[in-house]
Amino acid sequence: LLAQNLLKVTLHIPVDLISARAEPIRLLLADQGASWTEDEVQLNDWWSGKCELKKTAVFGQLPRFQDGDFVLYQSNTILRYLGHKLGIAGSNSQEIALIDMVNDGVEDLRQKYSRLIFLEYETGKEKYLKDLCNQLSPFERILSNNANGTKFVVGDKISYADYNLLDMLHCHLDLDPKCLASFPLLSAYIQHLATRPKLSGYLKSEKRNKRPITPKHK
């Protein structure tokens, strides 16, 4: 599928000054050579009900994804849609299932991470980092089972789950730059993905780096 088929993609995102849940979608689009536009929504307008978009948001949440006339909500659903549309969702039924499994595992970690960042940062950071090894170990094992971590989470081809995992790893490195010290495969995995030219270009871009990965706490 040619990237030109995605030139009408639009992301509606909250202006919250962090990369948040839209970032894995951006990573995927950038790496796959797609162009997209972003319409920013002021949070004050969103929560006050002034934003007309909120009236049609299926679950009252952003990001909102639009591909031509087709509209989707829920970030993981958007990732799966793009994965299937671009042929990066697995080459057979087993790979499809394994990629779904990994993506669900990333979502479990994201939920824990989000609870820390937005609700428990001051009181829970030390405990979270102490247990982080247990949270990251499953992903190290998953990589070890696929060409000893030299490729992707599943199979020989990148998938939408890789972009989601990459974003979560970036988030945790921002939280603690030493968090992958005991995970050689995850560390090498990040470096491996960074060699992909289009993805590397996006990761170094001003557009990417003007957004903090995590909120800055006082």
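All figures in this text were calculated on a predicted structure; none of them were measured in a lab.

Some points on unusual backbone geometry
Negative phi is the rule for most residues except glycine; trans is the rule for most peptide bonds. In this structure, A147 takes a positive phi of about 55 degrees despite not being glycine. One non-glycine residue, N148, lies in positive phi territory at about 55 degrees.

A short note on the pattern of salt bridges
This model, assessed by the stated rule, comprises nine salt bridges. One salt bridge in this structure joins D67 and K85, with 2.5 Å as the shortest N-O distance. With D67 in strand β3 (residues 64-67) and K85 in helix α3 (residues 75-85), this pair connects stretches of sequence that are 18 residues apart. Overlapping salt bridges, with partners in common, bring together E23, R26, E38, R208 and R211 in one network.

Thoughts on the packing of aromatic side chains
Within a pair of aromatic rings, the relevant descriptors are the distance that separates the centres and the angle that separates the planes. One pass over the structure, following the stated rule, counts three aromatic pairs. Both rings, one in F70 and one in Y81, keep their centres 5.1 Å apart while their planes meet at 40 degrees; by these two values the pair is tilted. Taken together, the positions of F70 in strand β4 (residues 70-73) and Y81 in helix α3 put the pair eleven residues apart, joining distant regions of the chain. For Y81, a relative accessible area of 23% translates into the label partly exposed. Put simply, the rings of F65, F70 and Y81 pair up and form one aromatic cluster.

About the criteria used
- Residues numbered from 1 in each chain as written.
- Predicted model: local features only at pLDDT ≥ 70, side-chain atom pairs only at ≥ 80, totals over all residues.
- Heavy atoms only, no water.
- Salt bridge = Lys/Arg side-chain N within 4 Å of Asp/Glu carboxyl O.
- Helix = DSSP H or I, 4+ residues; strand = E, 2+ residues; numbered from the N terminus.
- Phe/Tyr/Trp six-rings, centres within 6.5 Å; stacked < 30°, edge-to-face > 60°.
- Buried < 20%, exposed > 50% of the residue type's maximum accessible area, 1.4 Å probe, protein only.

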